[in-house]
Each structure stands twice: as structure tokens, then as C-alpha cells.
Amino acid sequence: MFESRQQSPEAALVTAILMQAYRDLFLTATSGHETFTTQSEQNQAIAFLTDQTGPHARHRAFLCSLIGWDGNVLGERVRRMMEGADFPPTDKTPAALKRHAKAVKDIRTRWQHLKYPHALPASSV
């Protein structure tokens, strides 16, 4: 998803911001301060990477434009992954693949909750 090439320091900063938002999708979110990522921060990362309109979409589009990417294309790719397309793992060791599969399941569950916050849980239907 992210290409590597020689970048200016400014472009490297923008790329790092986008990559951090992507990494935040996969971190275990907590309700407290035990980790660097709270559920609220993870929700912000989801919104930043997937919103089609509004301030998050505009901010993503602006940052992407600074490095020659299309923020709408990035958002569409992440939305497709949230809906079932592959989230490519970066580490392919067996333990990492297991953690990745769980993280993908968790983030997709969170995505569904954010999209449909008033829907009943599957066990209540």
C-alpha cells in the first residue's frame, strides 16, 4: 500500500503520520492509559482513514496530496479492507500471523460498531 522511495524530510513526516494512523488500527485499544492507544484514539484512526466526507476525509486528502497520493483512493482501499479485502500482514512469522488475524477481526468488529452504533449485538438478535 505504501511505496518506499527517497523522500524529503517533509514527505517522510507526512508518510509517518499516515502510517501511524494505519498502525493504530492494529494496536490493542484499552479504556485506560495502559497503552499508547485508547479506544478513542483507535476510533479517530478509523475515521481518519475511512471517512468519505467531513474533516477527517479532508485532512487525509490534504496530507495525501502533499506526497502525491490520492486520499480518496487510500480511504477506499482501507474501507474495502474493513469490509473483507485482505489486510496484508507485514510480519509473516506464525505468531505474528496469528496476532494479525485477531487484530483484523477486532478492527472489523469495531468498524461495524462505528458504522452501526445502534445495531443489536449478534447474540441479541
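Owing to the predicted nature of the structure, the values given are computational and were not obtained by experimental measurement.

(A) Looking closely at the nonpolar core. Counting residues in hydrophobic clusters, the biggest one holds 22 residues, and the most contacted among them are Leu18, Leu25, Leu49, Val78, Met82 and Phe87. Within the residue set of this core, elements represented by two or more residues are α1 (9-26), α2 (39-50), α3 (54-66), α4 (71-82) and α5 (94-115). Not counting chain neighbours up to four residues away, the residues in contact with Leu25 comprise Gln42, Ala45, Ile46, Leu49, Val78, Met82, Phe87 and Ile107.

(B) Quick peek at the confidence of the model for the protein chain. Mean pLDDT over the protein chain stands at 86; residues scoring 70 or higher make up 83%. Looking across the protein chain, the model is least confident in α5, with a mean pLDDT of 91, and most confident in α3, with 97.

(C) Spotlight on the side chain of His100. The topology assignment puts His100 in helix α5. What makes His100 buried here is its relative accessible area of 17%. The residues touching His100, leaving out its near neighbours within four places in the chain, are Phe26, Phe87, Pro88 and Pro89.

Thresholds applied
Residues numbered from 1 in each chain as written. Predicted model: local features only at pLDDT ≥ 70, side-chain atom pairs only at ≥ 80, totals over all residues. Heavy atoms only, no water. Core = buried A, V, L, I, M, F, W, Y, C linked by side-chain atoms within 4.5 Å. Buried < 20%, exposed > 50% of the residue type's maximum accessible area, 1.4 Å probe, protein only. Helix = DSSP H or I, 4+ residues; strand = E, 2+ residues; numbered from the N terminus. Contact = heavy atoms within 4.5 Å. pLDDT = per-residue confidence, 0-100.

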